[in-house]
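# A look at the structure
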Amino acid sequence: MENLQQLVDKFPSTLKEYKTTVACGSIALLSGYLLYKYQSRGRVSEKWNKRYDFIVVGAGSAGCVLANRLSENGKFSVLVLEAGGEDDDPKIHMPMGVLDACTDTKFVWQDKTVPQPASEAYIDSAIQSQHGKVLGGSSSVNWMAYVRGHREDYNNWESLGCTGWGWSNVENYFRKMEDYFLPGEELGHGGPLTVSANRNLRTTDYLIKAIKELGVRENKSYNSGDNQGVTKGHVTAKNGRRWSAAQAYLRPAMKRSNLHVVTDAHVTKILFDGKRAVGVRFVREGGFTYEVLAEKEVIISSGAINSPHLLLLSGIGPKEELQKHGIPIVAELPVGLNYQDHSTAFRNVFFENPQVPKEEHLYKANLSSTKSLIEYFINGKGPLTTAAGQAMCFFDVDKEGNYILTNKMPEIQIFMTGGPFIDDPNDEVLSRFNEFANFGPLLLETMKNADKRQGVMLAAVLLHPRSRGSLTLASADPFQRPLIDPQILSDPEDQRIMKIGLKFISDVLKSPTMTSLGSYFIETKFPTKDRIAPDVDPESEEYLEKLVSTACTVCWHPAGSCKMGAEGDTSAVVDPQLRVQGGIQGLRVVDNSIMPHLTSGNTNAPAIMIGEKGSDLILQSYRGI
């Protein structure tokens, strides 16, 4: 009875605390909702004109820049057509919610590669190749890492005939677009794209210390032209929230009367008058078809998958490919060839002696925490502001199989994500993520035990694949997705370099710092039958070779399918002015598909740079008008 009386006496204060908690949570959620609505300033258009000066196909990382810059002086009318919808879902903007957002088919294209014969895991199956289908494109659903690349990436472009695309030229555009948290003349300040430090985790400090113990230098300003070394990650975030190309460029420009943005508009064909692009045809909800004309130019900015797909559907591509599908030839060009993507393989490391509160990594635990919600929505702080990629490391390799630091382009990137931070009891997000990533039992086991263990996910990324793939048509139906063949690991040199990347991760695990944490690879805890290579020591060279052949997947960084090159370069689709060749007029491609080869790191920053430089090239053509 005494205990019961104590409970009764305590009930009013308990109820009061509960009401306060609910009220605070409600205020946080309401404030967050109003904030996102404010960020979504500017309206998409439900009506449009018959003619514009410029039509931009795609509101992705480069397309948002084009929309802003081409409409900036008020002289030109601009129409942007985006196949996806608006970016007003809060989980898009929440950094810790990245795996939730990037696996939601509402926001992404659900493309798959053809089977990959060089990979044991994908000989008979497909790899998911995910990319954004929403305002902001992949910048609205990516892992937010900000990596310019290495200066020699761009100097090599220029040496291949891409005049004006060397480091000394593109560095100015990186600075123009950036509002960087670090000081320094080599970085930009005051630009539209905010670059912030990722939220620091104790696991980040452990990992950087461990890598330095291997003799790798720390490179805090890794975006200054030489990115070799280890660093804490920099991300496209502002006040603790994702700062996509849509937020940085498109939304502020959508208030202009000379810019119209139409969502849910799937462009199916470029319209030509002879060899001049004069407009586009697009389809909206309900199957209604529309045509709109361009007085000056049509600009394709749909990414390295959708841009070549649209060109092929419109009659620009290899002769045999177009004839096979009964498409009239407008220009014979190598569209879809030179397709590239970074390859990656994950290793999942756990700690017996973590010394880290696991709660700071768990997405759904923080999503249901009033404290975390208030910190996030009111102050833009706390665990929910944590983006993937808390640390990165870049290095070169030599012929003997060693990892080394040089002043050249790095061959390997190590991408570290503290966590793992998906903790959904019903495995809802996890199941979607596995559909996209196909990482198999290692990652599944990692995620399912996220609430029981503390660790990090380390990815080795092959930065400069020698393998070259292709993108071709499945049919002439614009709604049937193209055939994507990255030819992953088809070149033996790619396999050799990837193995060195995975060996580096093994060596990190043996460092004094990681040893003191009781670090181990999760597969060492698997029953032998469940390992990738049964009866093979997970620490051995043989196991690394097996990992390369079975655990590698694409990194969702497609590029190169509308290659840029000098006039007369038979392997090029566009010239250094980004104009489509083959006698075509009034048509450009401005996105990562124009890359002659991939850059050294995540590709969102280069995509935005291409948008900035592409805008300048277009405006220079109409100077004085």
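Heads up: these notes are all about the structure in this document. Small disclaimer: the values here were computed from a predicted structure and weren't measured.

## Thoughts on the overall build of the protein
A count of helices and strands for the protein gives 18 helices and 27 strands. Within the protein, buried positions represent 61% of all 625 residues. A sequence separation of at least 24 residues applies to 73% of the contacts in the protein between residues at least 6 apart. As displayed, the protein has an accessible area near 23,500 Å², and 50% of this comes from carbon and sulfur atoms.

## Quick look at the sheet that holds strand E17 (residues 337-339)
Two pairing modes exist for strands in a sheet, parallel and antiparallel, and in both the strands are linked by backbone hydrogen bonds. Here three strands make up an open sheet; going across it, the order is E17-E23-E24 and the pairing antiparallel. If you trace the sheet from one side to the other, it starts and ends with E17 and strand E24 (483-485), each paired once. Each adjacent strand pair in this sheet contributes to an overall mean axis angle of 35 degrees, direction not counted. Where strand E23 (residues 469-472) meets E24, three bridges bridge the pair, whose relative direction is antiparallel. Its bridge partner lying in E24, Ser 470 is registered against Asp 485. Packing of helix H9 (residues 303-313) onto the sheet brings it into contact with E17, E23 and E24, and relative to E23 it is tilted by some 50 degrees.

## Thoughts on the nonpolar core
Formed by 91 residues in total, the largest nonpolar core has its most connected members in Trp 165, Ile 316 and Leu 587. Residues in contact with Leu 587, not counting those within four places in the same chain, are Ile 270, Phe 272, Ala 277, Val 298, Ile 300, Leu 311, Ile 316, Leu 578, Arg 579 and Val 580. With 68 residues, the next largest nonpolar core counts Phe 415, Leu 462, Ile 500 and Phe 521 among its residues.

## What about the side chain of Arg 69?
Structurally, Arg 69 can be placed in helix H2 (residues 61-71). With a relative accessible area of 11%, Arg 69 lands in the buried category. Only 3.2 Å separates the side chain of Arg 69 from the side chain of Glu 72, close enough to count as a polar contact. Residues within four places of Arg 69 in sequence aside, it is in contact with Lys 176, Pro 192, Tyr 249, Glu 612, Ser 615 and Leu 619.

## Some points on the sheet that holds strand E8 (residues 234-235)
Pairing is mixed in the open sheet, where three strands are placed in the order E5-E6-E8. Whereas interior strands pair on both sides, the edge strands pair on one side only; in this sheet they are strand E5 (178-180) and E8. Sheet topology places strand E6 (residues 193-197) next to E8; two bridges connect them, and they run antiparallel. The residue of E8 that forms the bridge with Ser 196 is Val 235. Lying on the sheet, helix H6 (residues 167-177) is in contact with E5 and E6; it crosses E5 at an angle near 65 degrees.

## A closer look at the packing of aromatic side chains
Applying the stated criterion across every chain, the model contains 19 aromatic pairs. For the ring pair Phe 54 and Phe 76, a centre distance of 5.4 Å and an interplane angle of 75 degrees mean the geometry is edge-to-face. In this pair, Phe 54 sits in strand E1 (residues 51-57) while Phe 76 sits in the loop between H2 and strand E2 (78-81), placing the two residues 22 residues apart along the sequence. Among the residues examined, Phe 54 registers a relative accessible area of 0% and is labelled buried. Overall, the relative accessible area of 4% leaves Phe 76 in the buried class.

## Concerning the pattern of salt bridges
Think of it this way: side chains of opposite charge can pair up when their charged atoms draw near. Tallied over the full model, the rule gives 26 salt bridges. The shortest N-O distance in the salt bridge between Glu 218 and Lys 212 comes to 3.2 Å. You can call Glu 218 partly exposed: its relative accessible area is 30%. A salt bridge links Asp 507 to Lys 503; its shortest N-O distance comes to 3.2 Å. Taken together, the residues Asp 507 and Lys 503, both in helix H15 (residues 492-509) and four residues apart, mark about one turn of the helix. The exposure class of Lys 503 is partly exposed, given its relative accessible area of 29%. Salt bridges sharing common partners tie together Arg 69, Glu 72, Lys 176, Glu 612 and Asp 616.

## Side note on the side chain of Thr 268
If you trace the backbone, Thr 268 turns up in strand E12 (residues 266-273). Thr 268 sits in the buried class, given a relative accessible area of 10%.

## Digging into the packing of helix H5 (residues 151-159) against H6
Each packed pair of helices is defined by two parameters, the angle between the axes and the distance between the axes. For the pair H5 and H6, the least separation of the axes is 8 Å and the interaxial angle reads 125 degrees. In terms of orientation, H5 and H6 fall into the oblique class. Seen from H5, the contacting residues are Arg 151, Tyr 154, Asn 155 and Glu 158; seen from H6, they are Trp 167, Asn 169, Val 170 and Phe 174. Taken together, the residues that form the contact of H5 with H6 break down as four nonpolar, two polar and two charged.

## Here we look at unusual backbone geometry
We note that Gln 487 has phi near 55 degrees; this positive angle belongs to a residue other than glycine. Tracing the chain through its elements places Gln 487 in the loop between E24 and H15. Although it is not a glycine, Leu 578 adopts a positive phi angle of roughly 70 degrees. Residue placement: Leu 578 occurs in the loop between strand E26 (553-554) and strand E27 (587-589).

## A word on the environment of Leu 312
Relative to the helices and strands, Leu 312 resides in helix H9. Separated by 15 residues in sequence, Leu 312 and Ile 327 place their C-alpha atoms 8.3 Å apart. Beyond its immediate stretch of four places on either side in the chain, Leu 312 contacts Gly 317, Pro 318, Glu 321, Leu 322, Ile 327, Val 335, Leu 471, Thr 472 and Leu 473.

## Notes on H9
Of all 11 residues making up H9, 10 are buried, and the element is well covered by its neighbours. Three or more residues of H9 are buried, namely Ala 304, Ile 305, Asn 306, Ser 307, Pro 308, His 309, Leu 310, Leu 311, Leu 312 and Leu 313. Gly 315 sits one or two residues past H9 and shows a positive phi near 100 degrees.

## As for the pairing of strand E14 (residues 288-300)
Two strands pair when backbone bridges link them, and E1 and E14 are joined in this way by six bridges, in the parallel orientation. Residue Val 56 lies in a different strand from E14, and its bridge partner there is Ile 299. When strand E13 (residues 276-284) meets E14, the two strands line up antiparallel, connected through six bridges. Within E14, the residue paired with Arg 284 across the bridge is Phe 288. Between E13 and E14, which pair antiparallel one after the other, the connecting turn spans three residues, and Gly 286 there sits at a positive phi close to 95 degrees.

Analysis parameters
- Residues numbered from 1 in each chain as written.
- Predicted model: local features only at pLDDT ≥ 70, side-chain atom pairs only at ≥ 80, totals over all residues.
- Heavy atoms only, no water.
- Helix = DSSP H or I, 4+ residues; strand = E, 2+ residues; numbered from the N terminus.
- Buried < 20%, exposed > 50% of the residue type's maximum accessible area, 1.4 Å probe, protein only.
- Contact = heavy atoms within 4.5 Å.
- Areas by Shrake-Rupley, 256 points an atom, 1.4 Å probe, with all protein chains shown as cover.
- Pairing = 2+ DSSP bridges.
- Axes fitted to C-alpha atoms, helices over the stretch in contact; angles between N-to-C directions.
- Core = buried A, V, L, I, M, F, W, Y, C linked by side-chain atoms within 4.5 Å.
- Polar contact = N/O pair within 3.5 Å; in protein donor to acceptor, adjacent residues only side chain to side chain.
- Phe/Tyr/Trp six-rings, centres within 6.5 Å; stacked < 30°, edge-to-face > 60°.
- Salt bridge = Lys/Arg side-chain N within 4 Å of Asp/Glu carboxyl O.
- Parallel < 35°, antiparallel > 145°, perpendicular 65-115°, else oblique.
- Nonpolar A, V, L, I, M, F, W, Y, C, P; charged D, E, K, R; others polar.

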